[in-house]
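The chain contents come next:
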Amino acid sequence: FETSMLEKLLDRFRGMMTKRILVTGAAGFIGAALCVRLASEGHRVFGIDNLNSYYDPQLKRDRLSEIEAIAGEAFTFSQCDFADRASFANCLADLDISRIAHLGAQPGVRYSLENPHAYIEANIVGHLNMLEFARERQVEHLVYASSSSVYGGNEKVPFSVDDRVDHPFSLYAATKKADELMSETYAHLYRIPQTGLRFFTVYGPWGRPDMMPWIFTAKILRGEPIPVFNHGKMQRDFTFIDDIVSGIVACLGSPPADDGTLKPGGSTKPHAIYNIGNNRPEQLLDVIAIIERACGRKAEIEMLPMQKGDVPRTYADIEAMERDHGYSPTTPVDVGFPRFVEWFKSYHGI
Ligand code: NAD
């Protein structure tokens, strides 16, 4: 009898510690890495994704297989579209969720010039659906992805969450800023605890084929010229995937308080906004040199002018994340990029 009482108490304790977490964009680059981490920390993870073809859906399916192999029964996946209210309501109807990491979105600055509607659907309508879901379920915390692109061409560096951000350079950036405003409104109206995270150029294993690390690595390994915009004068605060995931996990565990005090990002409601970056802007040409060494080949560089929508530099002030969530990035680019190249080669059997 005593043993079963003890087991019951232990079960109750585990239930309090184990969170049931919804991760949207679970088959995406950051979402998949987060699912693996949460499941390995003992949480029950529900992932959703519509597996769209913005880039090769096979990569998304491979990421899901990787999560399933590592997380086992701690992970459940449903294919659904959160921008479609009926599909979304249907796939989440029976789920008991306490926290949400909303990472699904239409990303990419350049593609927003070609297909603006995709951004309104996924990032605006989709974000609203997520807010409504959080309101109906009274979830403990909604953490959502914003982006460094909201800083546009701000000249003062490092970029701080207290800086004004009202000159987006792309529709993508505008939708991310709109998400922050919508979240602020829902925090005010319904007191839903929320945290917006402005990610700074994330890279690492299982990365995105539309982003620079993947494009350059693929081309250098094939001996093709790499397109370098803004004549190589671009600076990016490259942040390794493991550091980003650590930041998200730390935030998920501590919702902003609803006590009227000022939160990072300027709100007195239960809504905080943080930068998650590496706090080190890198010159693109320096990063190319690291990729060249990791690939064992020299790059043929094609210098090109600045592209519409791109920002010249990003540089994150991460003081608020360090103070409130103990965030401290641990992977410098000369460690992170070789790890990406190594993963890239093994994924492609090179
Ligand atoms: P990703 O494209 O790899 O992942 C996003 C996932 O969302 C994809 O798997 C996609 O299929 C899914 N998705 C899109 N629309 C959907 C819908 N309507 N319903 C269901 N699923 C949908 O991108 P990522 O790099 O993992 O980015 C994750 C988040 O972080 C995004 O919000 C992105 O804007 C933001 N962000 C990323 C970076 C970066 O450097 N990777 C930088 C800043 C911000």
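The structure displayed is predicted, hence computed values, not measured ones.

Basis of the calculations
- Every chain's residues receive numbers from 1 upward, in the order its sequence appears when written.
- Local features in this predicted model are restricted to residues of pLDDT 70 or higher, and side-chain atom pairs are both shown and tallied only at a pLDDT of 80 or more, whereas totals for entire chains, interfaces and linings draw on every residue.
- Nearness is defined per residue: the C-beta atom, placed using the backbone, must lie within 6 Å of the molecule or strand.
- We count a stretch as a helix when DSSP gives it H or I for four or more residues in a row; a strand needs E for two or more, and each element gets its number in order from the N terminus.
- Throughout, the ten residues Ala, Val, Leu, Ile, Met, Phe, Trp, Tyr, Cys and Pro are labelled nonpolar, Asp, Glu, Lys and Arg are labelled charged, and all others, Gly among them, are labelled polar.
- UniProt positions are given in the numbering used here, feature names are shortened, and annotations may be inferred rather than shown by experiment.
- Expected helix span is given by 1.5 Å per residue-to-residue step, counting one fewer step than there are residues.
- Exposure classes come from backbone-placed C-beta atoms, where a residue is buried if 20 or more other C-beta atoms lie within 10 Å of its own, exposed if 12 or fewer do, and partly exposed in between.
- In this description, a line fitted to the C-alpha atoms serves as the axis of each element, helices being fitted only across the stretch in contact, and the angle between N-to-C directions of two axes falls anywhere from 0 to 180 degrees.
- Roughly parallel here means an angle under 35 degrees, roughly antiparallel means over 145, roughly perpendicular means 65 to 115, and every remaining angle is called oblique.
- Each helix crossing is assigned a hand: it is left-handed if the near helix lies turned anticlockwise from the far helix by less than a right angle, otherwise right-handed if that turn is clockwise.
- Contact between residues is assigned whenever the C-beta positions, reconstructed from backbone atoms, fall within 7 Å.
- When DSSP finds at least two bridges between two strands, those strands are taken to pair.

### Notes on the site of the ligand
Within the structure, the ligand sits among 28 residues, and Gly25, Gly28, Gly104, Ala105 and Ala145 are positioned closest to it. Among the elements that line the shell around the ligand, the one with the most residues is helix α2 (residues 29-40), at three residues. Looking at the shell around the ligand, its residues break down into 14 nonpolar, ten polar and four charged.

### Here we look at the UniProt feature "domain: NAD-dependent epimerase/dehydratase" (unreviewed entry) in the protein chain
Look at the UniProt record and you will see "domain: NAD-dependent epimerase/dehydratase" (unreviewed entry) annotated at residues 21-257. Between the end C-alpha atoms of residues 21-257 the distance is 19 Å, and the span holds 44% helix and 17% strand.

### Quick look at α2
For α2, spanning twelve residues, the distance from its first C-alpha to its last is 17 Å, which sits close to the expected 16 Å at 1.5 Å a residue. With respect to burial, α2 is a largely interior element, ten of its twelve residues being buried.

### Notes on unusual backbone geometry
Cis geometry is adopted by the peptide bond preceding proline 158, which originates at valine 157 and carries an omega value of -5°. Inspection of the secondary structure puts proline 158 in the loop between β5 (141-147) and α7 (171-190). At glutamine 138, a residue that is not glycine, the phi angle is positive and equals roughly 50°. Within the secondary structure, glutamine 138 is located in the loop between α6 (116-137) and β5.

### Overview of the packing of α6 against α7
Packing of α6 against α7 leaves a shortest axis separation of 10 Å and a crossing angle of 15°. Our classification of the angle between α6 and α7 gives roughly parallel. Along this stretch, α6 crosses α7, giving a crossing that reads as right-handed. Within the contact between the two elements, α6 uses Pro116, Tyr119, Ile120, Asn123, Ile124, His127, Leu128, Leu131 and Arg135 and α7 uses Leu171, Tyr172, Thr175, Lys176, Ala178, Asp179, Met182, Ser183, Tyr186 and Tyr190. Considering only residue class, the contact of α6 with α7 consists of twelve nonpolar, four polar and three charged.

### Section: the UniProt feature "transmembrane region" (unreviewed entry) in the protein chain
In the numbering adopted here, UniProt assigns the feature "transmembrane region" (unreviewed entry) to residues 21-40. Along residues 21-40 one finds 60% helix and 20% strand; the C-alpha atoms at either end are 13 Å apart.

### Notes on the sheet that holds β5
Taken together, seven strands build an open sheet; the order of strands is β3-β2-β1-β4-β5-β6-β11 and the sheet is parallel. Strands at the two margins of the open sheet, each flanked by one partner only, are β3 (75-79) and β11 (271-276). Adjacent strand axes in the sheet meet at a mean angle of 20°, parallel and antiparallel pairs treated alike. Its contacts with the sheet put helix α3 (residues 57-71) on β2 (44-49) and β3, and the angle it makes with β3 is roughly 155°. Strand contacts of α7: β5, β6 (194-199) and β11, with the helix running at about 155° to β5, the strand carrying the most contacts.

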